[in-house]
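Chain by chain, the residues:
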Amino acid sequence: MGHTLYLVRHGEQLDAEHGVADGPLSPRGQRQARLIADRLGGVPFDSVRHSPLQRAEQTAQIMSEHLPALDPQPSALLFDCVPTGYSPQMPHTFEPFFNSVTDDEVEAGRAQMADAVAEFFTPSRDSTHDLLITHNFVIAWFVREAMDAPEWRWAGLNAAHAGLTILRWKTGRLPELVAFNDLGHLPVELRTGMNDPQPY
Ligand SMILES: O=C(O)[C@@H](CO)OP(=O)(O)O
C-alpha cells in the first residue's frame, strides 16, 4: 500500500484579518478542526505532527480530543515559512508580497523545506499513514516537490483552512497526488482561507 501523507492546513485563526501573527482558533476554526477530525476518523495514523504555532497546535489538540488514538507532537519542520524568493516566472502580481520578505527568511525557509522533505517524503513497503498539520506555503511546497514541478511553482497553490491534501508513495511508482485541498467535509460557510470566495 505504501506511505500516505495527509496534509491539513490549520483552522481559521482568531483576528488573523487584523494582522495578528499567531493566536487561538476562531469559533469557525474550531468547527473546522472538529470536522477534519471526523473526516479522518477511519485512518490508522502511525504519527501526527503539527507546526508549533498556536493555530496549528490547537487544531491538533481539537482533532485529538475527537480521535483519542492520535498523539500529536510538534515539529519545527512544519513552521510557517517562505520556501523561495520571487522568480521572474511567477506572475508579477506576486512581486509585492516577496518585496516584504528578507533574504534571511528565504534562506531559512529553503533550508527548512529541504529538511522537511528529507524527513517526511519516505517511501515505505508497508502501509503507513502520517498526518501533518501545518501551513499554506508548506503544503504548497510539498505538493510542488511531489509533482517535481519548477521550484517557483509552489506560489499560487492555496489550501483552505482544514483543507485536506493527500500524497502517496507506492513502490515503483511516481509520487501520487491523491487529493488537493479537498473540502468535502466542510459546509460552504466554513470554506475559509482562500484568496477568493469559493463558488461551491
Ligand atoms: O499566511 C499565509 O497565508 C500562510 C502562508 O503559509 O500561512 P497560514 O497557513 O499559517 O495562514
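For every chain, the first residue of the written sequence is number 1, and numbering continues from 1 onward in sequence order. Selection of residues for local features in this predicted model requires a pLDDT of at least 70, selection of side-chain atom pairs for listing and counting requires 80 or more, and totals for whole chains, interfaces and linings are taken over all residues. Heavy atoms from the whole structure form the basis of all side-chain values; hydrogens and water molecules are not counted.

Engineer: How should I be thinking about the overall build of the chain in this particular structure?
Structural biologist: The helix count covers DSSP runs of H or I at least four residues long, the strand count covers runs of E at least two residues long, and both are numbered beginning at the N terminus. Scanning the chain from N- to C-terminus turns up 5 helices and 6 strands. N-terminal to C-terminal, the α/β element order of the chain is β-α-β-α-β-α-α-β-α-β-β. Every radius of gyration here is taken over C-alpha atoms, with the globule rule written as 2.2 Å times N^0.38, N being the number of residues. Here the C-alpha radius of gyration of the chain, 16 Å, is about what a compact globule of 200 residues would show, namely 16 Å. A principal-axis box enclosing the C-alpha atoms of the chain has dimensions of 45 × 45 × 30 Å. Note on exposure labels: buried denotes an accessible area under 20% of the residue type's maximum, exposed denotes more than 50%, and partly exposed covers the range between, all computed with a 1.4 Å probe on protein chains only. Taken over 200 residues, the chain has a buried fraction of 49%. Sequence-distant contacts, at least 24 apart, represent 72% of the contacts inside the chain between residues at least 6 apart. In these tables, accessible area is a Shrake-Rupley quantity obtained with a 1.4 Å probe, and a residue counts as shielded only by the protein chains included in the view. Carbon and sulfur atoms make up 51% of the accessible area of the chain, which amounts to about 9,900 Å² in all. Two residues form a contact once any of their heavy atoms are found within 4.5 Å.

Engineer: I would appreciate a short explanation of a nonpolar patch on the surface in the present structure.
Structural biologist: Judged by side-chain polarity, Met147, Leu177 and Phe180 come together as a nonpolar surface patch covering roughly 220 Å² of accessible area. Along the polypeptide, Leu177 turns up in strand β6 (residues 176–182). Exposure above 30% relative accessible area and no salt bridge define the residues that can form patches, which grow by joining like charges within 9 Å and nonpolar side chains of Val, Leu, Ile, Met, Phe, Trp and Tyr within 5 Å. Any Lys or Arg side-chain nitrogen found within 4 Å of a carboxyl oxygen on Asp or Glu counts as a salt bridge.

Engineer: Help me out: how do you make sense of the packing of helix α1 (residues 27–39) against helix α2 (residues 54–66) in this one?
Structural biologist: The packing of two helices is summarised by the inter-axis angle and the distance between the axes. It is at 8 Å that the axes of α1 and α2 come closest, and there the two elements cross at 50°. With respect to α2, the axis of α1 lies oblique. As for the relative orientation of α1 and α2, their crossing is right-handed in sense. Each of Gln30, Ala33, Arg34, Ile36, Ala37 and Asp38 in α1 lies in contact with α2, whose residues at this interface are Gln58, Thr59, Ile62, Met63 and His66. Asp, Glu, Lys and Arg are counted as charged, while Ala, Val, Leu, Ile, Met, Phe, Trp, Tyr, Cys and Pro are counted as nonpolar; the rest, among them Gly, fall into the polar class. Broken down by class, the residue content of the contact of α1 with α2 amounts to 5 nonpolar, 4 polar and 2 charged. Under this scheme, a helix contributes an axis fitted over its contacting stretch, all axes are lines through C-alpha atoms, and angles between N-to-C directions fall in the 0 to 180 degree range. Reported orientations rely on four angle classes, namely roughly parallel under 35 degrees, roughly antiparallel over 145, roughly perpendicular from 65 to 115, and oblique for the rest. Left-handed is the label given to a crossing in which the near helix is rotated counterclockwise from the far helix by less than a right angle, and right-handed is the label when the rotation is clockwise.

Engineer: Help me out: how do you make sense of the site of the ligand in this one?
Structural biologist: The criterion for a residue being near a molecule or strand is simple. One of its heavy atoms has to lie within 4 Å of it. Every residue near the ligand is listed here: Arg9, His10, Arg55, Asp80, His135, Asn136 and Phe137. Protein contacts shield 74% of the accessible area of the ligand, which totals 310 Å² for the unbound molecule.

Engineer: What should I look at first to understand the pattern of salt bridges in this one?
Structural biologist: Throughout the structure, instances matching the rule amount to 7 salt bridges. A salt bridge links Asp22 to Arg55, with the nearest nitrogen and oxygen atoms 2.8 Å apart. With a gap of 33 residues between them, Asp22 in the loop between β1 (3–9) and α1 and Arg55 in helix α2 connect regions that are remote in the sequence. Taking relative accessible area as the criterion, Asp22 reaches 25% and is therefore assigned partly exposed. With a relative accessible area of 8%, Arg55 lands in the buried category.

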